[in-house]
There are 2 protein chains.
Amino acid sequence: MSLITTVGVDADDTLWHCESLFRLTHQRFVQLLADFGDEERINSQLAAAEKRNLRVYGYGAKGFTLSMIETALDLTDGAVSTRVIREILAVGREMLTEPVEPLPGVEKALGELSKRYRLILITKGDLLHQEQKLAASGLGDLFAAVEIVSEKDAGTYRRVFERYGTGAEQGLMAGNSMRSDILPALEAGAWGALIPYPLVWAHEAAEAPQNHPRYVELASIAELPAFVDHVSKPLLP
Amino acid sequence: MSLITTVGVDADDTLWHCESLFRLTHQRFVQLLADFGDEERINSQLAAAEKRNLRVYGYGAKGFTLSMIETALDLTDGAVSTRVIREILAVGREMLTEPVEPLPGVEKALGELSKRYRLILITKGDLLHQEQKLAASGLGDLFAAVEIVSEKDAGTYRRVFERYGTGAEQGLMAGNSMRSDILPALEAGAWGALIPYPLVWAHEAAEAPQNHPRYVELASIAELPAFVDHVSKPLLP
């Protein structure tokens, strides 16, 4: 019996760049409002608005755009020009239409995994935008299923590995976020493989588990197929 | 053998009010911009922006809010006050946090259906917002599955009835939108039961099929359980 039947994979910053685009947008936002505050103040107000609005807007570029507009109004006490509001709409729109390029090694790794395991994309964010990014990436055919979810908690992983696989105990989740991809997957009973990305959104940061038997940190996604094979087929006689 | 095993149900304007809230928001938008144009002009520009942005923003209140802001900037050539922009953000937010009340007869009808069929919620819109509305409605436990999709086409219905039921041929879709709930479900091979709502978003309007053997228009959702029973178990000896 194979120990792992189903491999869940995160999308943003695991298969393609995302946080770097958010950071770039942050920088453009800071430039647009440079007359009204320094970088630190602008960034901290925007981060506070994002966090405050997460409960209502959820994850993704549309809610982020609305938070940028709100922050521009708050920060300038309404003195921001409509030209700047228009620019914010434009940068938000660019985030939604930015071309998508798979990160190095992604296609090869997913290609190998898809031959031996049920491969499931599990991601947060705007529904339509995530579907469009997947379509643009050209990776869609490698996945047996795609789950775009509003939150990644242990219940999410239990449900997804149950629906598309053979339960969380025979599932492995790979992604760049300790908080969303790894800890809740481990809690659900699945394996967790961290694939670090140079940038981590503050909201997603969390401590690594200590000596957890089902946790591993890999250097890159290129190592994932061999790791899953290793876990899945123990070298016993 | 039962002819129908699985019943798909639309959410907005089938289970609870939605378009009426959009109309109310349209009215408030018209009032906010009354200095810059008459109702007809404002509404038609907003409708054009919604349509133009659908491809990028998808369905739901967040994209609608961004379209309202864009329209306010366009319509006033940038002369709109930031007070009005702030009001638009607030009305958009209210749409996302509005209390949800099931329409009359919904709980009873779904309660009956859920005993005899696999009941699936199939809806478009913002992922988090639709989940929150379902939770607030108290109807969540009646559904065997919930599918929040970015578009409702024949492929969507084939996939959902395949995944959660026994295929589209043994599925029935009920909802208020001819364009999204009925025509593509019929195309997929399922039955379609239109449950009219007094208001229909222009984007969702479409002609009724003529003499289609698997189409019915019901007076209200209260008639749905008896109709499905009737289709499902023909009165033959």
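None of these values were measured; they are calculated from a predicted model.

Novice: Mind showing me how you'd approach the sheet that holds strand S1 (residues 6-9) of chain A here?
Specialist: Whenever strands of a sheet pair, they do so through backbone hydrogen bonds, lying parallel or antiparallel. Residues and elements named next belong to chain A. The strand order across the open sheet formed by six strands is S3-S2-S1-S4-S5-S6, and the pairing between neighbours is parallel. The open sheet has two edge strands with one neighbour each: strand S3 (145-149) and strand S6 (215-217). Each neighbouring strand pair of the sheet contributes to a mean axis angle of 20°, computed without reference to strand direction.

Novice: I'm lost on the relation of the copies chain A and chain B in this one. Help?
Specialist: The two chain copies are connected by a rotation around an axis plus a translation along it. Mapping chain A onto chain B calls for a rotation angle of 180° and an axial translation of 0.0 Å; the resulting RMSD is 0.0 Å. Given the turn and translation reported, the copies of this chain are related as if by a two-fold rotation axis. Take the interface residues of chain A: 100% of them recur as interface residues in chain B, which is what a same-surface contact looks like.

Novice: What is the right way to read the packing of aromatic side chains from this model?
Specialist: Both the distance between ring centres and the angle between the ring planes are used here to describe each pair of aromatic rings. Taken as a whole, this structure holds six aromatic pairs over all chains when the rule is applied. Relative to Phe64 of chain B, the ring of Phe22 of chain B lies with its centre 4.9 Å away and its plane at 55°, an arrangement referred to as tilted. Placement of Phe22 of chain B in helix H1 (residues 19-32) and of Phe64 of chain B in helix H3 (residues 61-75) is noted, with a sequence separation of 42 residues between them. For the pair Phe22 of chain B and Phe64 of chain B, one class covers both residues: buried. Seen from their ring centres, Tyr157 of chain B and Phe161 of chain B are 6.4 Å apart, and the 25° between their planes marks the pair as stacked. One end of the pair, Tyr157 of chain B, and the other, Phe161 of chain B, are both in helix H7 (residues 154-164), four residues apart, so they sit about a helical turn from each other. Among the residues examined, Tyr157 of chain B registers a relative accessible area of 0% and is labelled buried. Residue Phe161 of chain B is classed as buried on the basis of its relative accessible area, which comes to 0%. Sitting over the ring of Tyr57 of chain B, Arg93 of chain A keeps its end group 5.7 Å from the ring centre. A cation over a ring is seen here: Lys124 of chain A above Tyr59 of chain A, with NZ or CZ 3.8 Å from the ring centre.

Novice: I tried to follow the sheet that holds strand S3 (residues 145-149) of chain B on my own but got confused; where do I start?
Specialist: Residues and elements named next belong to chain B. If you walk across this open sheet you meet the six strands as S3-S2-S1-S4-S5-S6, and the pairing is parallel. A single partner strand is all that each edge strand has here, and the edge strands are S3 and strand S6 (215-217). On average, each strand axis in the sheet is tilted by 20° relative to the strand beside it, whichever way the strands run. Bridge count for strand S4 (residues 171-175) against strand S5 (residues 191-194) is four bridges, and the pairing is parallel. Of the residues in S5, the one forming a bridge with Leu172 is Trp191. H7 rests against strand S1 (6-9), strand S2 (118-124), S3 and S4 of the sheet, and its axis sits at about 160° to S3.

Novice: Just to check I follow, could you spell out the interface of chain A and chain B for this structure?
Specialist: One widely used convention gives an interface's size as the accessible area the parts lose upon coming together. Taken residue by residue, the interface counts 36 residues in chain A and 36 residues in chain B. Buried surface at the junction of chain A and chain B, summed over both partners, amounts to about 3100 Å²; 58% is from carbon and sulfur atoms. At the boundary of chain A and chain B, one finds four salt bridges. For Asp74 of chain B, the salt bridge goes to Arg86 of chain A, with nearest N and O atoms at 2.9 Å. Here chain A is connected to chain B by 18 residue pairs in polar contact (both at pLDDT 80 or more). When residues of the side of chain A that touches chain B are traced back to their parent elements, those giving at least two are helix H2 (39-57), helix H3 (61-75), helix H4 (82-97), helix H6 (127-137), S3 and helix H7 (154-164) of chain A. Considering every element that reaches the side of chain A that touches chain B, the biggest residue donor is H3 of chain A, with eight residues. Its residues assigned to classes, the side of chain A that touches chain B shows 16 nonpolar, 10 polar and 10 charged.

Novice: Looking at this structure, how should I read the pairing of S3 of chain B?
Specialist: Buried residues dominate S3 of chain B, accounting for four of its five residues. Since S2 of chain B and S3 of chain B lie parallel, the crossover through helix H6 (residues 127-137) of chain B that links them has a hand, and here it is right-handed.

Novice: Please explain empty space enclosed by the protein as it appears in this structure.
Specialist: Any empty space left between the atoms is revealed when a probe the size of a water molecule rolls over them. Summed over all chains, the structure comprises one cavity of 30 Å³ or more. Reported here for the largest cavity is a volume of approximately 150 Å³. If you go around the largest cavity, you meet 20 residues; those closest to its centre are Gly125, Asp126 and Leu127 of chain A together with Asp126 and Leu127 of chain B. Those elements that provide at least two residues to the lining of the largest cavity are H6 of chain A together with H6 of chain B.

Novice: Can you help me understand the nonpolar core in this one?
Specialist: Buried together is how nonpolar side chains tend to be arranged in soluble globular proteins. If you look at the biggest cluster of nonpolar residues, it comprises 52 residues, and the most contacted ones within it are Phe29, Leu33 and Ile69 of chain A together with Phe29, Leu33 and Ile69 of chain B. Among the elements of the structure, helix H1 (19-32), H2, H3 and H4 of chain A together with H1, helix H2 (39-57), H3 and helix H4 (82-97) of chain B are those that each provide at least two residues to this core. With residues near it in sequence (within four places) discarded, Phe29 of chain A still touches Ile42, Leu46, Met68, Thr71, Ala72 and Ile88 of chain A.

Novice: Can you help me understand the domain arrangement of chain A in this one?
Specialist: Residue and element names in this part refer to chain A. Domain assignment breaks chain A into domain 1 (6-16 + 100-232) and domain 2 (19-97). Taking only C-alpha atoms, the centre of domain 1 and the centre of domain 2 are 29 Å apart. Taken together, both faces of the contact between domain 1 and domain 2 bury some 1100 Å²; the carbon and sulfur share is 52%. Here domain 1 is connected to domain 2 by zero salt bridges. Applying the counting rule to domain 1 against domain 2 returns seven residue pairs in polar contact (both at pLDDT 80 or more). Considered class by class, the residues forming the side of domain 1 that touches domain 2 number four nonpolar, five polar and six charged.

Novice: For this particular structure, what's the right way to read helix H9 (residues 224-232) of chain B?
Specialist: The periodicity of an α-helix, 3.6 residues per turn, causes residues three or four positions apart to be oriented the same way. Residues and elements named next belong to chain B. Residues of H9 that are buried: Leu224, Pro225, Phe227, Val228, Val231 and Ser232. The buried residues of H9 occupy an angular sector of 165° when the element is viewed end-on, so they sit on one face. Exposed residues pointing more than 90 degrees away from the buried face of H9 are listed as Ala226 and His230. If you follow the buried residues of H9, they end up packed against S1, helix H5 (106-116), S4, S5 and S6.

About the cut-offs
Residues numbered from 1 in each chain as written. Chains lettered and ligands numbered in written order. Predicted model: local features only at pLDDT ≥ 70, side-chain atom pairs only at ≥ 80, totals over all residues. Heavy atoms only, no water. Pairing = 2+ DSSP bridges. Helix = DSSP H or I, 4+ residues; strand = E, 2+ residues; numbered from the N terminus. Axes fitted to C-alpha atoms, helices over the stretch in contact; angles between N-to-C directions. Least-squares fit on C-alpha atoms with pLDDT ≥ 70 in both. Contact = heavy atoms within 4.5 Å. Phe/Tyr/Trp six-rings, centres within 6.5 Å; stacked < 30°, edge-to-face > 60°. Buried < 20%, exposed > 50% of the residue type's maximum accessible area, 1.4 Å probe, protein only. Lys NZ or Arg CZ within 6 Å of the ring centre and 35° of its normal. Buried area = accessible area lost by both parts, 1.4 Å probe. Salt bridge = Lys/Arg side-chain N within 4 Å of Asp/Glu carboxyl O. Polar contact = N/O pair within 3.5 Å; in protein donor to acceptor, adjacent residues only side chain to side chain. Nonpolar A, V, L, I, M, F, W, Y, C, P; charged D, E, K, R; others polar. Right-handed = clockwise from strand over helix to strand, strands pointing away. 1 Å grid on protein atoms, 1.4 Å probe; cavity = no way out; pocket = protein on both sides within 12 Å on 5 of 7 lines; lining within 4 Å. Points joined across faces, edges and corners; volume = space filled by probe spheres on them. Core = buried A, V, L, I, M, F, W, Y, C linked by side-chain atoms within 4.5 Å. Domains from an automatic or database assignment. Arc of directions from axis to C-beta.

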